[in-house]
Amino acid sequence: MRDTMIEADYLIVGAGAMGMGFADVLVTETDATLAIVDRYGRPGGHWTRAYPFVRLHQPSATYGVNSRELGSGTKYTSGWNAGLYELASGAEIVAYYERVMRRQLLPSGRVRYLPMSEYTDGATIRSLVTGDTQEVHAEKVVDGTYSKVKIPSVHTPGYDVTDGVRCVPPNDLTSLDQAPADYVVIGAGKTGIDACLWLLKNGVAPGDIRWIMPRDPWMWDRANLQPAPEFWERTLGFVAGNVEAAALATSIEDLFERLEAESILLRIDPTVRPTMFHAAIVSADELEQLRRIENIVRLGRVRSVGRDEIVLDDGTIPTTPDTLHIDCTARGFVRRPAVPVFDGDRITLQNLRILQPSFSAALIGHVEARYGSESEKNEICTPDPFPDSDVDMLRTWLTTLKNLTRWDEDEDLSAWMLGSRLTIYHHLGVADPSPAQRELIGKMRELRPAAINNLQQLLKTV
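Residues numbered from 1 in each chain as written. Predicted model: local features only at pLDDT ≥ 70, side-chain atom pairs only at ≥ 80, totals over all residues. Heavy atoms only, no water.

Q: Can you tell me about the overall build of the protein, naming the residues and giving the values?
A: Of the regular secondary structure elements, the protein holds 11 helices and 19 strands. Relative to the 2.2 N^0.38 estimate, which gives 23 Å for 462 residues, the radius of gyration of the protein is 23 Å and therefore close to what a compact globule would have. For the protein, the spread of C-alpha atoms along the three principal axes comes to 60 × 60 × 45 Å. Counting every position in the protein, which comprises 462 residues, the buried fraction comes to 55%. Long-range contacts, defined as pairs at least 24 residues apart, comprise 74% of the intrachain contacts of the protein with a sequence gap of at least 6. Put simply, the protein shows about 19700 Å² of open surface, and 47% of that area lies on carbon and sulfur atoms. Positive and negative side-chain charges of the protein, numbering 48 and 63 respectively, have mean locations separated by a distance of 1 Å. (Helix = DSSP H or I, 4+ residues; strand = E, 2+ residues; numbered from the N terminus. Rg over C-alpha atoms; globule rule 2.2 N^0.38 Å. Buried < 20%, exposed > 50% of the residue type's maximum accessible area, 1.4 Å probe, protein only. Contact = heavy atoms within 4.5 Å. Areas by Shrake-Rupley, 256 points an atom, 1.4 Å probe, with all protein chains shown as cover. Lys, Arg positive; Asp, Glu negative; His and termini not counted. Charge placed at Lys NZ, Arg CZ, Asp CG, Glu CD.)

As structure tokens, this is what we get:
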């Protein structure tokens, strides 16, 4: 029998990465009471429905909640990421959030967790199992679902599929009972990259893979984002290179040329200029593997998949009834319009720093715990929407630079950030910087105003 009334200081809607990150900081830094409601049976959000071979694209060290390490801090000794720090699997991430909930949040005695439930009309929580409802009263409602993550396993393709055609989400790849004649991977975002690498790793010949790529992606080099003191020069150089390119570029085209020349951005085909940026991160060896796939179809988006042909925006290609089509078109994080994070009795969790949702949720939690006025909170927490296109990447980087400038003005906030395991600086050994580190950090800060001004001017030309 469930209580008829739930009372809490905060009602958090969504037990995904952002909801859990926010909750963790509030439990750590305040004595507030929380109720967490989620539609899934386990904490972890979209990770609980992810394809079996999914892994983080970023190192485990900077993902999760602020108070608990994810992973063991080890490097790969073999494979396409040899020498780089571990990337948690989907299963590891789900188990991690389960531990956070069961061993940290619930034992505090200040957290109620309501899985398999939905928040309905502003005052009611309904069980998706029994249909029972409970009234809820909270001082503030925290929306951890605003990013609207699209999940491949439950995604409906935006194109027609003829009955009998084999078109599956990537989740189905690990349960094949017989080998298809060949494979067609539809989509070139993170999921499409993961699907191609999985096929190659499992022995599929590159010639048996056709990759439908409506837009080529810009990607980051994983070696530039390593969380350890031994990598400080390369990782800080990556950040400094972004700032310097933004400050000196004479056009958007020139900016991307500078970023590529410094190996800050990577592309699959040197002859095709990418127009998409979903922040896919690959190693040099993974990029080499992707380049083995020569049959890349650049005819726009898929309109329909039939038994004998695939119709695209700009043409058709043949297919067969024995071909397995892998739908990788779910968008993941959707680029949504920014709204105020703090708005009366409502907090809307959003990204604040280029593609760092875990850190952003933790920072919002810290600001809620430590700062008073709503205007000051919103000044610190300017949303930085997830990018979709190459130009979106510049907009995202511009907002990040502005936020970094504001955060640097607050000594207490800067100290909290440097102590947060979710920021890569925390792992680089720069809390007490060496002269070389101090010089590079100083250069970045000096160039930041020019980078902000130049990006603003360049974006006016779009």
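Q: Run through the packing of aromatic side chains, naming residues and quoting values.
A: Under the criterion given, the structure shown has 10 aromatic pairs. Ring centres of Phe53 and Trp198 lie 5.3 Å apart, and the angle between their planes is 25°; on these two criteria the pair is classed as stacked. Here Phe53 is found in the loop between strand S2 (34-37) and helix H2 (90-105), whereas its partner Trp198 is found in helix H3 (residues 190-201), with 145 residues between them in sequence. Residue class for Phe53 comes out buried when judged on its relative accessible area of 17%. A relative accessible area of 18% places Trp198 in the buried class. Taken together, a centroid distance of 6.0 Å and an interplanar angle of 65° make the contact between Phe359 and Trp407 edge-to-face. Within this pair, whereas Phe359 is found in helix H7 (residues 357-370), its partner Trp407 is found in helix H9 (residues 390-408), the two being separated by 48 residues in sequence. (Phe/Tyr/Trp six-rings, centres within 6.5 Å; stacked < 30°, edge-to-face > 60°.)

Q: Which residues make up empty space enclosed by the protein, and what values go with them?
A: A full pass over the atoms with the stated rule returns 3 cavities of 30 Å³ or more. By volume, the largest cavity amounts to about 120 Å³. Surrounding the largest cavity, 14 residues form its lining, Tyr146, Gln350, Asn351, Pro385 and Phe386 being those nearest its centre. Split by residue class, the lining of the largest cavity holds 9 nonpolar, 3 polar and 2 charged. (1 Å grid on protein atoms, 1.4 Å probe; cavity = no way out; pocket = protein on both sides within 12 Å on 5 of 7 lines; lining within 4 Å. Points joined across faces, edges and corners; volume = space filled by probe spheres on them. Nonpolar A, V, L, I, M, F, W, Y, C, P; charged D, E, K, R; others polar.)

Q: Describe the sheet that holds strand S7 (residues 160-161), listing the residues and the values that go with them.
A: Here 4 strands make up an open sheet; going across it, the order is S7-S14-S15-S16 and the pairing mixed. What marks the edges here is a single partner per strand, and that holds for S7 and strand S16 (315-318). (Pairing = 2+ DSSP bridges.)

Q: Lay out the layout of surface pockets in plain terms, naming residues and giving numbers.
A: Counted as a void, the second largest pocket has a volume near 770 Å³. Forming the walls of the second largest pocket are 30 residues, and the residues nearest its centre are Gly14, Asp38, Arg39, Tyr40 and Thr145. Mapped onto the lining of the second largest pocket, the elements with two or more residues apiece are helix H1 (17-29), strand S4 (117-119) and strand S6 (133-143). If you tally residues by element for the lining of the second largest pocket, the top one is S4, at 3 residues. Its residues placed into classes, the lining of the second largest pocket shows 13 nonpolar, 9 polar and 8 charged.

Q: Tell me about the environment of Tyr85, and please be specific about residues and values.
A: Note that Tyr85 resides in the loop between S2 and H2. Among the residues examined, Tyr85 registers a relative accessible area of 14% and is labelled buried. Side-chain polar atoms of Tyr85 contact the side chain of Glu230, separated by 3.2 Å. (Polar contact = N/O pair within 3.5 Å; in protein donor to acceptor, adjacent residues only side chain to side chain.)

Q: Give a detailed account of the packing of H7 against helix H10 (residues 411-419), specifying residues and quantitative values.
A: Running from N to C, H7 and H10 point in directions that differ by 140°, and their axes come no closer than 12 Å. On the basis of the axis angle, H7 is oblique to H10. Of the two possible hands of crossing, H7 and H10 adopt the one that is right-handed. Along its contact with H7, which presents Phe359, Ala362, Leu363 and His366, the element H10 presents Leu413, Trp416 and Met417. Taken together, the residues of the contact of H7 with H10 sort by class into 6 nonpolar, 1 polar and no charged. (Axes fitted to C-alpha atoms, helices over the stretch in contact; angles between N-to-C directions. Parallel < 35°, antiparallel > 145°, perpendicular 65-115°, else oblique. Left-handed = near helix turned anticlockwise from the far one by under 90°.)

Q: Explain the environment of Arg292 residue by residue, including any values.
A: The topology assignment puts Arg292 in the loop between helix H6 (284-290) and strand S13 (296-297). With 92 residues separating them in the primary sequence, Arg292 and Leu200 have C-alpha atoms 9.2 Å apart. Setting aside chain neighbours within four positions, we find Arg292 in contact with Leu200 and Pro206. One polar contact links Arg292 to Gln289, side chain to side chain, over a distance of 2.7 Å.

Q: Would you mind going over the packing of helix H5 (residues 252-261) against H9 in detail, with residue names and values included?
A: H9 packs onto H5 with a crossing angle of 80° between their chain directions and a minimal axis gap of 12 Å. The orientation of H5 with respect to H9, classified from their angle, is roughly perpendicular. Of the residues in H9, those touching H5 at Ile252, Leu255, Phe256 and Leu259 are Asp390, Met393 and Leu394. Here the contact of H5 with H9 is composed, by residue class, of 6 nonpolar, no polar and 1 charged.

Q: With reference to specific residues and values, describe the pattern of salt bridges.
A: Where charged atoms from two side chains of opposite charge approach closely, those side chains can pair. What the rule picks out here adds up to 26 salt bridges. Measuring nitrogen to oxygen at the nearest pair gives 3.9 Å for the salt bridge that ties Glu92 to Arg55. Within this pair, whereas Glu92 is found in helix H2, its partner Arg55 is found in the loop between S2 and H2, the two being separated by 37 residues in sequence. Take Glu92: its relative accessible area is 40%, and that puts it in the partly exposed class. We classify Arg55 as partly exposed; its relative accessible area is 37%. A salt bridge links Arg102 to Glu98; the nearest nitrogen and oxygen atoms lie 3.1 Å apart. Within this pair, Arg102 and its partner Glu98 are both found in helix H2, separated by 4 residues, close to a single helical turn. The exposure class of Arg102 is partly exposed, given its relative accessible area of 42%. Residue classification places Glu98 among the buried residues on the basis of a relative accessible area of 19%. Here the salt bridges do not stand alone but share partners, grouping Arg39, Glu118 and Arg126 into one network. (Salt bridge = Lys/Arg side-chain N within 4 Å of Asp/Glu carboxyl O.)

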